[in-house]
Amino acid sequence: MKKQGRLILVIVLLLIVVIFSWLNVRNVTVSFGFTEVTMPLVVLLVLAVLIGAVIAAALSVSTIMSQKKKIDELEKSLKANRTMRRTDTSTISKK
């Protein structure tokens, strides 16, 4: 049932994208200061979304890497703490 729901959602989203693309086929001119480019509006919008996704992914990579580093440090600390507790417990039981 879960897969069918996802399939329906994907079909609905694709239908929305197709309708959106069909409604925005008019050519637009974009000026970059040193050059002008003429392309369909839908292509421009898709490119803008893709560039935004790439920028967001690039910015999140540093956060993910720092979180992984912190997790590794905490796991090492936890392992050392567990080792110390085992040593303390074995020392107490021998006394």
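Residues numbered from 1 in each chain as written. Predicted model: local features only at pLDDT ≥ 70, side-chain atom pairs only at ≥ 80, totals over all residues. Heavy atoms only, no water.

S.K.: What's the story with the pairing of strand β1 (residues 27-31) in this structure? I'm lost.
M.R.: In regular strands, side chains alternate between the two faces of the sheet. Two elements, β1 and strand β2 (residues 36-40), share 5 bridges in a ladder whose sense is antiparallel. Residue V30 lies in a different strand from β2, and its bridge partner there is V37. (Pairing = 2+ DSSP bridges. Helix = DSSP H or I, 4+ residues; strand = E, 2+ residues; numbered from the N terminus.)

S.K.: When you look at a nonpolar patch on the surface in this model, what are you seeing that I'm missing?
M.R.: Taken together, the side chains of V43, V46, L47, L50, I51, I55 and L59 present a nonpolar region at the surface, about 630 Å² in accessible area. Tracing the sequence through the fold places L47 in helix α2 (residues 41-94). Among the residues examined, L47 registers a relative accessible area of 39% and is labelled partly exposed. (Patch = residues over 30% accessible without salt bridge, like charges linked within 9 Å, V, L, I, M, F, W, Y side chains within 5 Å. Areas by Shrake-Rupley, 256 points an atom, 1.4 Å probe, with all protein chains shown as cover. Salt bridge = Lys/Arg side-chain N within 4 Å of Asp/Glu carboxyl O. Buried < 20%, exposed > 50% of the residue type's maximum accessible area, 1.4 Å probe, protein only.)

S.K.: Please explain helix α1 (residues 2-23) as it appears in this structure.
M.R.: Note: α-helices contain 3.6 residues per turn, so residues at a spacing of three or four share the same orientation. An ideal rise of 1.5 Å per residue puts 32 Å on 22 residues; α1 measures up with 32 Å between its terminal C-alpha atoms. Within α1, only 0 of the 22 residues are buried, which leaves the element largely exposed. (Expected span 1.5 Å × (residues − 1).)

S.K.: Just checking my understanding: could you explain the environment of W22 for this structure?
M.R.: The residue W22 is located in helix α1 in this model. Take W22: its relative accessible area is 66%, and that puts it in the exposed class. On a C-alpha basis, the gap between W22 and S77 in space is 57 Å, while along the polypeptide they are 55 residues apart.

S.K.: Just to check I follow, could you spell out the confidence of the model for the chain for this structure?
M.R.: For the chain, the average pLDDT comes to 85, and 92% of its residues sit at 70 or higher. Between the elements of the chain, mean pLDDT differs from a low of 85, seen in α2, to a high of 91, seen in β2. (pLDDT = per-residue confidence, 0-100.)

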